[in-house]
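Close look at the chain arrangement
Residue strings, one per chain:
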Amino acid sequence: MDPEVFHPDFKARPYWWDAIEMGNDPPAELPARADVVIVGGGLTGLNCAIEIGRGGGQAVVLDAEPLGFGASTRNGGGVSGGNNVGKGLSGAKGRQSPQEAREELRAIMGDGAEALNHIESLIEREGISCHYERKGRFVGAWTPKHYDGMAAKVEALNTMADADAFMLPKERQREEMASDYYYGGMVVNRTGKLHPGLYHRGLMEAAQRHGATLIGSTRAGQLTRIANGWRVDTTKGPIEAREVVIATNGYTGGLTPDLQRRLIPVASHIIATETLDPELARSLIPKGRTLADSRRILTYYRMSPDGTRVIFGGRARFTQVSPEVSAPILRDMMLARWPQLKGVRVTHAWTGNVAFAFDAMPHMGVTEKGLHYAMACNGSGVAMLSYLGAEVGKKLTGRTNHVPVFDGRDFPTRAFYTGNPWMLPIVGNWYRLRDWLDRQAA
């Protein structure tokens, strides 16, 4: 590995794991029966288990890997507030009147905003210490045209998602970041950030307090309908349940092929830098926001919770690659934005799967076979899948007084697509070319 890029103490694992003991799952025996079996021990599954317990039910959460091994502890820790949903509405053009389209957008963005309310109230109610802060987000405009496009959305964000958003021209950009890299951008105050590892561990503890049984390193096998519900075969034996929830998102596989073919798993790569000079660290993001941009090849970045290092993520590649490949690419992206970080090395690099839907919308519902699900975060999983997981749990215990607009929505796929995203390298190269052309034109 290149010593100019990689620190001598480099770790090919999430920085967030330094604060938790990954793989130290609570000891538990697989019971013979439960009210609900949840397949997937991430944010979706644990939020669902908490609400099932609050409603008087008993949930068993299964994970093929140690609990939290997937994207739930691998993400960047950004918590959106409705500003990232609604992108898939273009497919409804021609089938809706302008008024119908606007009302649908209002409902979608309203549920997106509710996702932030949910996660904030959950953290407070359950006493989860995860460095949560509502510090807001700055989205840099890749081109002047992108700036104008964001400006056209501010009113809708503020009226439909209570985003407290405003545009910041290029000449004021250094109020938000120590860089002139973008053409201004949008500030969205109603967003937050947290420590993903500590948030997930807090959810595990809360789920157990509410009576859930958590079983890691246990793969679910065949799902069989029986007279009073389901039989789930696992690597630790069978379990019966009244209902089954699939909460596997970007790691959905052959257990549920009908869901797998509706999801596009996309790799997202992240690095953490070595500890920075304190004065330099304080200067990079003066207001402590999360940063992102309007490129097709997205980047998202922030300071670590202790403010000592940069956490920088993006689509270094659209598929899984080694840190030797992803880390230098991400570091170069970081240096393009902050040349003052030249010489700073990488201490951690890791990858996790984000699940996209063909309509770019989140989804919850019930399959034709009767399996409940919540998935397709499209890059907003910390808030959205926490919210939808909780909504599934409320639904299963008869406690919901609001049906999310994402519940039962048509969940599209494409002919001949089975869940293998073979097209991603082609799409990635096309997006990179379009980003380059846009920037050259600017």
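Up top you'll find the structure we're talking about.
Residues numbered from 1 in each chain as written. Predicted model: local features only at pLDDT ≥ 70, side-chain atom pairs only at ≥ 80, totals over all residues. Heavy atoms only, no water.

**Re the layout of surface pockets**
Filter applied, for reference: Buriedness of a pocket was judged along seven lines, with at least five required to meet protein on both sides within 12 Å; pockets are open sets of points on a 1 Å grid over the protein atoms alone, cavities are sets where a 1.4 Å probe fits but cannot get out, and lining residues have an atom within 4 Å of a point. Grid points are joined across faces, edges and corners, and a volume is the space filled by probe spheres set on the points. Helix numbering and strand numbering both begin at the N terminus, where a helix is a DSSP run of H or I of at least 4 residues and a strand a DSSP run of E of at least 2. Residues are grouped as follows: Ala, Val, Leu, Ile, Met, Phe, Trp, Tyr, Cys and Pro are nonpolar; Asp, Glu, Lys and Arg are charged; every other residue, Gly included, is polar.
There is about 240 Å³ of room inside the second largest pocket. Along its surface, the second largest pocket is lined by 13 residues, and D258, R262, V366, T367 and E368 are the ones closest to its centre. Mapped onto the lining of the second largest pocket, the elements with two or more residues apiece are α6 (257-260) and β18 (363-366). Taken together, the residues that form the lining of the second largest pocket break down as 4 nonpolar, 3 polar and 6 charged.

**A few points about the environment of N75**
How we decide: When accessible area is computed with a 1.4 Å probe and restricted to protein chains, residues below 20% of their type maximum are described as buried, those above 50% as exposed, and intermediate ones as partly exposed. In this description, contact between two residues means that some pair of their heavy atoms is separated by no more than 4.5 Å. We define a polar contact as two N or O atoms separated by no more than 3.5 Å, with the added condition that, inside protein, one atom must be a possible hydrogen donor and the other a possible acceptor, whereas residues neighbouring each other in sequence contribute only through side-chain atom pairs.
Mapping N75 onto the fold places it in the loop between β3 (59-62) and β4 (78-79). Judged by relative accessible area, which is 16%, N75 ranks as buried. Spatially, the C-alpha atoms of N75 and G314 are 10 Å apart, while their sequence positions differ by 239 residues. Once you skip the residues sitting within four places of it in the chain, N75 turns out to touch W16, P196, I270 and V382. For N75, the side chain forms a polar contact with the main-chain oxygen of A71, separated by 3.0 Å. At a separation of 3.1 Å, a polar atom in the side chain of N75 contacts the main-chain carbonyl oxygen of S72.

**Considerations on the pattern of salt bridges**
To keep things clear, this is the line we draw: Here, a salt bridge means any side-chain nitrogen of Lys or Arg that lies within 4 Å of a carboxyl oxygen of Asp or Glu.
For the structure on display, the rule yields 22 salt bridges. Measuring nitrogen to oxygen at the nearest pair gives 2.7 Å for the salt bridge that ties R134 to E120. With R134 in the loop between α2 (98-126) and β5 (137-140) and E120 in helix α2, this residue pair connects regions lying 14 residues apart in the sequence. Taken together, the shared-partner salt bridges in this structure form one network comprising E51, R54, R125, E126, R209 and R399.

**Some points on the packing of helix α1 (residues 43-54) against helix α5 (residues 196-209)**
The cut-off we apply is this: With axes taken as lines fitted to C-alpha atoms, and helix axes fitted only over the stretch in contact, angles between N-to-C directions fall between 0 and 180 degrees. An angle below 35 degrees is treated as roughly parallel, one above 145 as roughly antiparallel, one from 65 to 115 as roughly perpendicular, and anything else as oblique. Should the near helix be turned anticlockwise from the far one by less than a right angle, the crossing is left-handed, and should it be turned clockwise, the crossing is right-handed.
Relative orientation of the contacting elements α1 and α5 amounts to 30°, with a least axis distance of 9 Å. With respect to α5, the element α1 is oriented roughly parallel. The way α1 lies across α5 gives a crossing that is left-handed. Note on element contacts: α5 touches α1 through Y199, H200, L203, M204, A206 and A207, opposite L43, L46, N47, A49 and I50. Partitioning the contact of α1 with α5 into residue classes produces 9 nonpolar, 2 polar and no charged.

**Examining the side chain of H118**
Within the secondary structure, H118 sits in helix α2. Leaving out residues up to four positions away in the same chain, H118 has contacts with N47, S386, Y387 and A390.

**Observations concerning the packing of aromatic side chains**
The way to describe two aromatic rings as a pair is by their centre distance and the angle between their planes. Formally: When two rings of Phe, Tyr or Trp (its six-membered ring) have centres within 6.5 Å they constitute a pair, described as stacked for plane angles under 30 degrees, edge-to-face for angles over 60, and tilted for the intermediate range. By definition here, charges over rings are those cases where NZ of Lys or CZ of Arg is within 6 Å of the ring centre and within 35 degrees of the ring normal.
Enumeration according to the criterion identifies 9 aromatic pairs in this entry. Consider the rings of Y301 and W338, whose centres lie 5.3 Å apart with planes at 90°: the pair is edge-to-face. Of this pair, Y301 sits in strand β15 (residues 299-303) while W338 sits in the loop between α8 (323-337) and β17 (346-357), placing them 37 residues apart in sequence. Residues Y301 and W338 agree in their burial class; the two are buried. For R74, the ring lying beneath its charged end belongs to F69, and the centroid distance is 4.7 Å. In this structure, R295 is placed above the aromatic ring of W142, and the distance from its NZ or CZ to the ring centre is 5.1 Å.

**Considerations on the sheet that holds strand β6 (residues 165-168)**
In sheet architecture, strand pairing relies on hydrogen bonds along the backbone and comes in two forms, parallel and antiparallel. In plain terms, the rule: Strands were regarded as paired on the criterion that DSSP finds at least two bridges between them.
Pairing within the open sheet is mixed, and its 9 strands lie in the order β1-β17-β13-β16-β15-β14-β5-β7-β6. The open sheet has two free edges, formed respectively by β1 (6-11) and β6, since each of these has just one partner strand. Ignoring which end each strand starts from, the neighbouring axes of this sheet average 25° apart. Taken together, the 4 bridges between β5 and strand β7 (residues 185-188) define a ladder with antiparallel strand orientation. By the bridge assignment, V139 is partnered in β7 with M186. Contacts between helix α3 (residues 144-151) and the sheet are confined to β5, β6 and β7, with β6 contributing the most and set at about 155° to the helix.

**Re the pairing of strand β2 (residues 33-39)**
Quick note on the threshold: Crossovers are marked right-handed if the path from the first strand over the helix to the second runs clockwise, as seen with the strands pointing away from the viewer.
Across the 7 residues that make up β2, a large majority, 5, are buried. Here β2 runs beside strand β12 (residues 237-246); their pairing, made up of 6 bridges, is parallel. Residue V36 lies in a different strand from β12, and its bridge partner there is E243. Two strands pair when backbone bridges link them, and β2 and β3 are joined in this way by 4 bridges, in the parallel orientation. The residue of β3 that forms the bridge with V39 is L62. Remark: the β2/α1/β3 crossover connection has right-handed handedness.

**A look at the pairing of β18**
Bridge count between β18 and strand β19 (residues 372-375): 4 bridges; the pairing is antiparallel. Looking at the pairing, G365 lines up with Y373 of β19. Here β18 folds back onto β19 in antiparallel fashion, the turn holding 5 residues, of which G370 has a positive phi close to 100°.

**Remarks on the packing of α2 against α5**
Where α2 contacts α5, the axes come no closer than 11 Å and their chain directions differ by 65°. The handedness of the crossing between α2 and α5 comes out as left-handed. On α5, the residues that touch I119, L122, I123 and E126 of α2 are Y199, L203, A206 and R209. Its residues assigned to classes, the contact of α2 with α5 comprises 6 nonpolar, no polar and 2 charged.

**Thoughts on the environment of T213**
Position of T213 among the secondary structure elements: in strand β9 (residues 213-215). A relative accessible area of 18% places T213 in the buried class. Once the C-alpha coordinates of T213 and Q260 are considered, the two residues, 47 residues apart in sequence, prove to be 26 Å apart. When residues no more than four places from it in sequence are discounted, the contact partners of T213 are A28, E29, P31, Q58, A59, V60 and V61. At 3.2 Å, the side chain of T213 forms a polar contact with the side chain of Q58.

That is the geometry; function is a separate question.
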